Every structure is written in C-alpha cells, then in structure tokens.
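If you want the building blocks of each chain, they are given just below.
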Amino acid sequence: MRLAVICFTRGGAGWCRKLVEGFRELGAECEGYVPVRFFSGGMAGLPGLYPLEEPAGEWTGRQFKRADGLVYIGAAGIAVRAAAPFLRDKMTDPAIVVMDEAGRHAVSLLSGHVGGANRLARMVAAICGAEPVITTATDVRGKTAIDVWAAERGLAVGDRKQLRQVAAAFLEDRPVGFFSDFPLPDPEPEGCIREKEGERNVWLTIRTSPGPEDGVLCRLVREGRILKLIPPLLTLGIGCRKGVPGERIRQMAEGILTQAGLERLAVARLASIDRKKGEEGICELAREWKVPFVTYPAEELEQITKPVAESAFVRQVTGTGNVCERAALAGAGEGGRLLVGKQAGAGVTVAVASGIWDGRKRG
C-alpha cells in the first residue's frame, strides 16, 4: 500500500509526522509532505518526510498517478478542490481521507469502498486517536457492499449499472440471487440466496455468456438482471516474430478470447519465453490491459509436463518445443489447465490457460 500525507499548517505538521511513522511501522510505503516554512530541523532526515514546495493541486495530480491513498490534514474543502480535476472513476481513483488539524476526526471522503478510504480512515483514526467518520450507506446500515466483497477477492466488475442496481437491492432488503461457476471457499455475500433467482442477481464467472444448459442464467441475462463478477484466472501465453505490432497481437488475443467465450477482464497476465521480455508489441498490450507480462527461461518451460503441441523448429530456435502453451500453463500455476491450445496467425501465436480460483486477491 502506497500512501501520501499532506498538511498545510504548523499544527498539521506534527500529525503528518505521526502518520508517516505510524504507517511505516505497519509496513506501508508512506510519504509525508510539510510546507517548507513548517519543516523544522527535527524533520530533516527523517524517513519519508519531505518539504512541500508545490501547490496542493500539483501535489495531488502527482500523487494520483502513484499512490493508493491520500491523507489531507486540514479543511475538507482544500482536499475536494485539489482532487476534483483528477477524479475519474471510483473503481480506480485512490482513497482520499481528510483529518482536521486538531486530530479529532478522520473523514472517509472519496473511494470509500473499492478504493479503501473507509479502511484508511479507520487506520488514520487509530494512529492519531481520532474518530473515524464513515458515511457510505451500506456501512452506516450494516449492509453488504458488493463492490467491497468483490474487491477483497480481486474480482472485476462486469457492468457498473448492474453494480448500482445490486447495491440498491441490498440496501432495500430485496432478494439477490447468487450463482457461481466456481466452488466458493467462503460464504457468498450476506443477504444473497445461493443458486436461486432473486430480484437482482450476481454471477461469478469467466464466461462471456451462459450456455444453453444454464436456463435460469440465460433468462436473467436476457432480462438484464445479472451482475457478473469476474475472477482474474486466465494467462495468455504469447509467442511472436520480432517486431510484430502490439495492435496485431491485441487483435489476435481478443479474437481468440471472443471465439472461446472468455471474458477479457478474466486475463490476469501475459506470458512468454524470457527472450521476449523486451518485445514491445507484447509489452504494449500488457500496458493497455494493465496486466503484468511475465517470462520464463526455456529450461523452466520445458518442465511443464502437461501435453502440448511440439514443434521441432520452435525447439531449435528457442530451446523449447512450444512457447505459448507452455508459457500459459506456467503462468496459470499449479493445477492450471489449457483452455485454448496454440492458435497461430500473422506472426503471432496465442494459447489460453486457466488457474484455480481460491477466493483470495492476488498482489
């Protein structure tokens, strides 16, 4: 967790120092910024404390690109005005918490659920002896926050409109059905009815659509009454000729996923042989999809014992008889299985493997 703390007064400087020290003791990566005129000699050289030499708005823009959470010590209005130009989406914006300079209240201001501001406000309050102020309806009323339940398990949300409708159903005590393609390691969200239709419904899946055998799900999808939550289980193993454009690799990958009926949001990583580590086309796709690109030496790929389509030519060039299938299985981890075997075209090869979902969010 990367945190950044900013203060604006002499009184806030002491709290800034206390928060930086407290969060670092908890193992967080935390930096604190104090206006130059209040940056006393005792602060110089302390780990994570820096003099603030830019306006709050510029500081905020810089931190939005790198931090998971921002803490403002001062008036809430300052934080609102500083953050407003950079706000995009509650699913991606950092958590924002405001604490008054007297250290009385820590307010969860923005991104309370998915961003973690509610949790961050409680942590700030615990360090400073303040009162956490949480205003999200589900927390105030003790109801399930489906976006938090999903985020804690690393699940992607398929449709924001459906998310709002399911959240409203929880708040209003209307029945929410819960369907899952995977065994659940822990109970479904409180208030859900397992494998039964509700007024609104949740479907945990990596499929783009249900099959003919899934009669109830097919109808719920047609009626627009289902929210998909998607676990990041898929590894795309990719091989390509040197210099193949990222656009061509993306088109190939998207086409294969579509044909296989697999959700793009289920892709957890791209994988290949280590000699492709700097291949710009694959790196470009990883950046676009915001997933890691992992590579393996030929010797490690050779240790994959599951059947793959071998090529003598590929082995002669790379040291292993199949790059994309072996890389996909390596990325999927123990228990992974190949969903789509090697598909080739336009100088690109792609295979898809699925890992096992255990309900835990991956780092």
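Residues numbered from 1 in each chain as written. Predicted model: local features only at pLDDT ≥ 70, side-chain atom pairs only at ≥ 80, totals over all residues. Heavy atoms only, no water.

Enquirer: I'm lost on the nonpolar core in this one. Help?
Expert: One broad rule of soluble globular proteins: the nonpolar side chains tend to lie buried together. Grouped together as the largest cluster of nonpolar side chains are 47 residues, with contacts concentrated most on Ile-146, Leu-229, Leu-236, Ile-238, Leu-270 and Trp-289. Those residues within four positions of Ile-238 in sequence are excluded, and the remaining contacts are Ile-249, Leu-270, Ala-271, Ser-272, Ile-282, Leu-285, Val-323, Cys-324, Val-348, Thr-349 and Val-350. In this structure, Cys-7, Ile-73, Leu-120 and Ala-121 belong to the second largest nonpolar core, which totals 31 residues. (Core = buried A, V, L, I, M, F, W, Y, C linked by side-chain atoms within 4.5 Å. Buried < 20%, exposed > 50% of the residue type's maximum accessible area, 1.4 Å probe, protein only. Contact = heavy atoms within 4.5 Å.)

Enquirer: I tried to follow the pairing of strand β12 (residues 226-230) on my own but got confused; where do I start?
Expert: Moving residue by residue along a regular strand, the side chains alternate between the two faces of the sheet. When you tally the buried positions in β12, you get five out of five residues, the bulk of the element. Here β12 shows no split at all, with Ile-226, Lys-228 and Ile-230 on one side and Leu-227 and Leu-229 on the other all buried. Strand direction decides the pairing type here: strand β8 (residues 156-157) and β12, joined by two bridges, are antiparallel. Across the sheet, the residue bridging to Val-157 is Leu-229, located in β12. As paired strands, strand β11 (residues 200-204) and β12 are joined by four bridges and run parallel to one another. (Helix = DSSP H or I, 4+ residues; strand = E, 2+ residues; numbered from the N terminus. Pairing = 2+ DSSP bridges.)

Enquirer: Explanation requested: the sheet that holds strand β2 (residues 29-35) in the structure shown.
Expert: The strands making up a sheet associate through hydrogen bonds between their backbones, and the pairing can be parallel or antiparallel. Taken in spatial order, the seven strands line up as β3-β2-β1-β4-β5-β6-β7 in an open sheet, and their pairing is mixed. The open sheet is flanked by β3 (49-52) and β7 (131-133), the only strands paired with a single partner. Going from strand to strand, the sheet's axes swing by 20° on average, the running direction of each strand aside. Of the strand pairs in this sheet, strand β4 (residues 69-73) and strand β5 (residues 95-99) are connected by five bridges, and their pairing is parallel. Within the sheet, the bridge partner assigned to Tyr-72 lies in β5 and is Val-98. Docked against the sheet, helix α3 (residues 76-83) engages β4, β5 and β6 (105-110), running at close to 155° with respect to β5. Lying on the sheet, helix α4 (residues 117-128) is in contact with β1 (2-7), β4, β5, β6 and β7; it crosses β5 at an angle near 35°. (Axes fitted to C-alpha atoms, helices over the stretch in contact; angles between N-to-C directions.)

Enquirer: Which parts of the structure should I look at to understand the side chain of Arg-200?
Expert: Within the fold, Arg-200 resides in strand β11. For the buried residue Arg-200, which engages in no salt bridge, the nearest side chain bearing the opposite charge is Glu-199, 5.6 Å off. Ignoring anything within four residues of it in the chain, the contact list for Arg-200 reads Gln-162, Gln-165, Val-166, Ala-169, Pro-175, Val-176, Gly-177, Gly-224 and Arg-225. (Lys, Arg positive; Asp, Glu negative; His and termini not counted. Salt bridge = Lys/Arg side-chain N within 4 Å of Asp/Glu carboxyl O.)

That is the geometry; function is a separate question.
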